[in-house]
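Survey of secondary and tertiary structure
Read off the chains here:
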Amino acid sequence: MISIVVLISGRGSNLRAILDADLPVRIAAVISNNPAAAGLALARARGVPTEVVDHRAFASRPAFDERLAERVDARRPDLIVLAGFMRILTDAFIARYRGRIINIHPSLLPAFPGLDTHARALAEGVKIHGCTVHFVTPQLDHGPIIIQAAVPVFAADTEQTLAARVLAQEHRAYPAAIRWFAQGKLKVEGQKVLNTDADARFEQALLSPVDAP
Ligand code: NHR
Ligand code: GAR
């Protein structure tokens, strides 16, 4: 069984989906940069070790990332899972774990990298939105794509209703991506992820049903 470290900053609903998915992984630790993250209490309640590396205690990004890497290394994970982790990581951190860090991003990349994705999607008038699980590379939100899930955007949507529709799909997509990684089904070739799972040709593209709000 592979072991993973989950990095969070907040609520932890993706962490909950991962915990509930009965994946062939051992969660060695949940680490948060934010001591107030609700996901920490969830992890503790499920018997998962937790740690806080508060970015505000460090004078620079490299200093924060060095301590974070030290705490991650102590758990010897095969995979680092960013689940609502809100700090951009330095190239040095990414290089250290190349090919072993994945992120879930709340848009259909390469559209809307960065923050405030749901508000920006509404402002652009897109009719389809969603989420992406990708390998993390130094270029923010541009790594090889493992799985995407699409949802419709409705005229009556607010940032909150759209975020909730996307989040429900995040909770399907992230466990699927982690399962493939754990089973050794993912091979990265340049910008592309080759998936050797027999059913992946269907499951790499999730489409949520169109149900009016
Ligand atoms: N690091 C690298 N190098 N590459 C990526 O692709 C990364 C990453 C770190 C985090 C998640 C990402 C997302 O899915 C992620 C991908 C934070 C910011 C950000 O601007 C942007 C993208 C992501 C995460 N953070 C601010 C910062 O100054 C802080 C914002 C806040 O605290 O609210 O780091 O969206
Ligand atoms: C999720 O929507 C995730 O995609 C997004 O934050 C939310 C975290 O929710 N991630 C980012 O915006 C990364 N910058 P959660 O804490 O309930 O999993």
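Scroll up a little and you will see the structure.
This section reports on the structure supplied with the text. Quantities reported herein were computed from a predicted structural model and do not represent experimental measurements. (Residues numbered from 1 in each chain as written. Chains lettered and ligands numbered in written order. Predicted model: local features only at pLDDT ≥ 70, side-chain atom pairs only at ≥ 80, totals over all residues. Heavy atoms only, no water.)

**Observations regarding the site of ligand 1**
Taken together, 19 residues lie near ligand 1, and R61, M86, N103, H105 and D141 sit nearest. Separating a nitrogen atom of ligand 1 from a backbone N or O atom of L89 is a distance of 3.0 Å. Here ligand 1 has 720 Å² of accessible area as a free molecule, and 82% of this is covered by the chains. Of the residues assigned to the shell around ligand 1, the class counts are 11 nonpolar, five polar and three charged. (Near = heavy atom within 4 Å. Polar contact = N/O pair within 3.5 Å; in protein donor to acceptor, adjacent residues only side chain to side chain. Areas by Shrake-Rupley, 256 points an atom, 1.4 Å probe, with all protein chains shown as cover. Nonpolar A, V, L, I, M, F, W, Y, C, P; charged D, E, K, R; others polar.)

**What to know about the packing of aromatic side chains**
Aromatic ring pairs are described here by two measures, namely the spacing of the ring centres and the angle between the planes. Taken as a whole, this structure holds three aromatic pairs when the rule is applied. Aromatic side chains F58 and F64 sit 6.0 Å apart centroid to centroid with 65 degrees between the ring planes, which places their arrangement in the edge-to-face category. Both rings, one in F135 and one in F181, keep their centres 6.3 Å apart while their planes meet at 55 degrees; by these two values the pair is tilted. Taken together, the residues span a long stretch of sequence, with F135 in strand 6 (residues 128-135) and F181 in helix 6 (residues 159-182) at a distance of 46 residues. Given the relative accessible area of 4%, F135 is considered buried. (Phe/Tyr/Trp six-rings, centres within 6.5 Å; stacked < 30°, edge-to-face > 60°. Helix = DSSP H or I, 4+ residues; strand = E, 2+ residues; numbered from the N terminus. Buried < 20%, exposed > 50% of the residue type's maximum accessible area, 1.4 Å probe, protein only.)

**Observations concerning the packing of helix 1 (residues 13-20) against helix 6**
Close contact between helix 1 and helix 6 brings their axes to 9 Å; oriented N to C, the two are set at 50 degrees. When the axes of helix 1 and helix 6 are compared, the pair comes out oblique. Seen along the crossing, helix 1 lies across helix 6 with a hand that is right-handed. Across the interface between the two elements, S13, N14, A17 and I18 of helix 1 pack against L167, E170, H171, Y174, P175 and I178 of helix 6. (Axes fitted to C-alpha atoms, helices over the stretch in contact; angles between N-to-C directions. Parallel < 35°, antiparallel > 145°, perpendicular 65-115°, else oblique. Left-handed = near helix turned anticlockwise from the far one by under 90°. Contact = heavy atoms within 4.5 Å.)

**Considering the sheet that holds strand 7 (residues 145-152)**
Read across the open sheet, the eight strands follow the order 3-2-1-4-5-6-7-10; overall the sheet is mixed. Sheet topology places strand 3 (50-52) and strand 10 (205-207) at the edges, where each strand pairs with a single neighbour. Averaged over all neighbouring strand pairs, the angle between strand axes comes to 20 degrees, with direction disregarded. Here four bridges tie strand 5 (residues 101-105) to strand 6, and the two strands are oriented antiparallel to one another. Looking across to strand 6, one finds that N103 is bridged to H134. (Pairing = 2+ DSSP bridges.)

**What to know about the pattern of salt bridges**
Under the criterion given, the structure shown has seven salt bridges. Across the salt bridge formed by D73 and R96, the nearest N and O atoms sit 2.2 Å from each other. Note that D73 is positioned in helix 3 (residues 61-73) and R96 in helix 4 (residues 91-96), a separation of 23 residues in sequence. Through salt bridges that share partners, E51, R71 and R75 make up one connected network. (Salt bridge = Lys/Arg side-chain N within 4 Å of Asp/Glu carboxyl O.)

**Observations concerning the site of ligand 2**
By nearness alone, every residue bordering ligand 2 is listed as R11, G12, S13, N14, G84, F85, M86, I104, P106, L167 and E170. S13 places a polar side-chain atom, nitrogen or oxygen, 2.6 Å from an oxygen atom of ligand 2. Counting only elements with at least two residues in the shell around ligand 2, the list comes to helix 1 and helix 6.

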